[in-house]
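# A closer look at the structure
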Amino acid sequence: MGNPTTIAKNVVAVIEYTLTNDDGETLDTSVGDEPLVYLHGYENIVPGLEAALEGKKVGDHLKVDVPPEEGYGERDDNGIRALARDQFPPDAELTPGMQFMAELEDDEVVPMWVIDVDDSEVHVDLNHPLAGETLHFEVKVLELREAHAEELAHGHPHGREGGAHDHGHDHDHEGHDHHGHDHDGHHH
């Protein structure tokens, strides 16, 4: 079975990308680092980018503008919460911009981002830092391959050569993506 020639569902794609905002500032890039490896058709990447990559071939170079509703969603001002500092481990290093997973009342686990910390409270935002932003991607397709059965079962690739590598959006390597799925293949 030869490698697939175009990006389609169940294909693992290796891409190089640079993400900029409306002001042209670079927010994230894989250039000079590991490329992004993702399994197409499983929302491993933001929907607008995934849709634009459908049908592309190795060597293709494209620029994609992704509106918020196809990226990280619109901002919800109700997403900002203040949590008591004593709900966190006393030795936890809490800094603005830090991401952590929090369990809500109904056992749903969601990512939150710290925006401010004082002696008694930690202010967090349930909105992704890029919510409400139009995302400008420049992408080059480097290689394509068939997904392995285990990758299809888990819904995400297991690295370029089978090594464990996260899929590039945030380089904190905690192994979660941005659609609320967790990466051991179980949905909450």
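Residues numbered from 1 in each chain as written. Predicted model: local features only at pLDDT ≥ 70, side-chain atom pairs only at ≥ 80, totals over all residues. Heavy atoms only, no water.

### A few points about the sheet that holds strand β5 (residues 80-84)
The sheet built from 4 strands is open, its strands ordered β5-β8-β7-β6 with antiparallel pairing. Two strands lie at the open edges of the sheet, namely β5 and β6 (99-103), each paired on one side alone. Recorded for the sheet is a direction-independent mean angle of 45° between the axes of neighbouring strands. The pairing of β5 with strand β8 (residues 121-125) spans 5 bridges and is antiparallel. Residue pairing across strands places Ala 82 opposite His 123, the latter belonging to β8. (Pairing = 2+ DSSP bridges. Helix = DSSP H or I, 4+ residues; strand = E, 2+ residues; numbered from the N terminus. Axes fitted to C-alpha atoms, helices over the stretch in contact; angles between N-to-C directions.)

### Re the environment of Ala 52
Relative to the helices and strands, Ala 52 resides in helix α1 (residues 47-53). The class of Ala 52 is partly exposed, set by a relative accessible area of 21%. Measuring from C-alpha to C-alpha, the distance between Ala 52 and Val 64 comes to 6.9 Å, with 12 residues separating the pair along the chain. Ignoring any residue separated from it by four or fewer positions in sequence, one finds Ala 52 in contact with Leu 62 and Val 64. (Buried < 20%, exposed > 50% of the residue type's maximum accessible area, 1.4 Å probe, protein only. Contact = heavy atoms within 4.5 Å.)

### As for the nonpolar core
In this structure, Ile 15, Leu 49, Leu 53, Leu 135, Phe 137 and Val 139 are the most contacted members of the largest nonpolar core, which totals 22 residues. Those elements giving two or more residues to this core turn out to be β1 (11-20), β3 (36-39), α1, β4 (61-66) and β9 (135-146). Contact partners of Leu 49, with chain neighbours within four places excluded, come to Val 64, Val 66, Phe 137 and Val 139. Membership of the second largest hydrophobic core comes to 11 residues, among which are Leu 83, Phe 88, Met 112 and Val 114. (Core = buried A, V, L, I, M, F, W, Y, C linked by side-chain atoms within 4.5 Å.)

### Details of the pairing of β3
Where burial is concerned, the two faces of β3 agree: the one with Leu 36 and Tyr 38 and the one with Val 37 and Leu 39 are both buried. As paired strands, β1 and β3 are joined by 4 bridges and run antiparallel to one another. Looking at the pairing, Val 12 lines up with Leu 39 of β3.

### Remarks on the pattern of salt bridges
In this structure the tally under the stated criterion is 2 salt bridges. The shortest N-O distance in the salt bridge between Asp 125 and Arg 75 comes to 2.4 Å. One end of the pair, Asp 125, is in strand β8; the other, Arg 75, is in the loop between β4 and β5, and 50 residues separate them in sequence. Judged by relative accessible area, Asp 125 falls into the buried class, the value being 6%. (Salt bridge = Lys/Arg side-chain N within 4 Å of Asp/Glu carboxyl O.)

### Digging into the confidence of the model for the protein chain
Across the protein chain, the average pLDDT comes to 86, with 84% of residues at 70 or higher. This model gives residues 162-188 a pLDDT under 50, and the stretch forms 53 contacts once residues within four places in sequence are excluded. (pLDDT = per-residue confidence, 0-100.)

### A few points about the packing of aromatic side chains
One pass over the full model with this rule turns up 1 aromatic pair. Ring geometry for Phe 88 and Phe 100: centres 5.4 Å apart, planes at 85°, overall edge-to-face. Of this pair, Phe 88 sits in the loop between β5 and β6 while Phe 100 sits in strand β6, placing them 12 residues apart in sequence. A single burial state applies to Phe 88 and to Phe 100, both of which are buried. (Phe/Tyr/Trp six-rings, centres within 6.5 Å; stacked < 30°, edge-to-face > 60°.)

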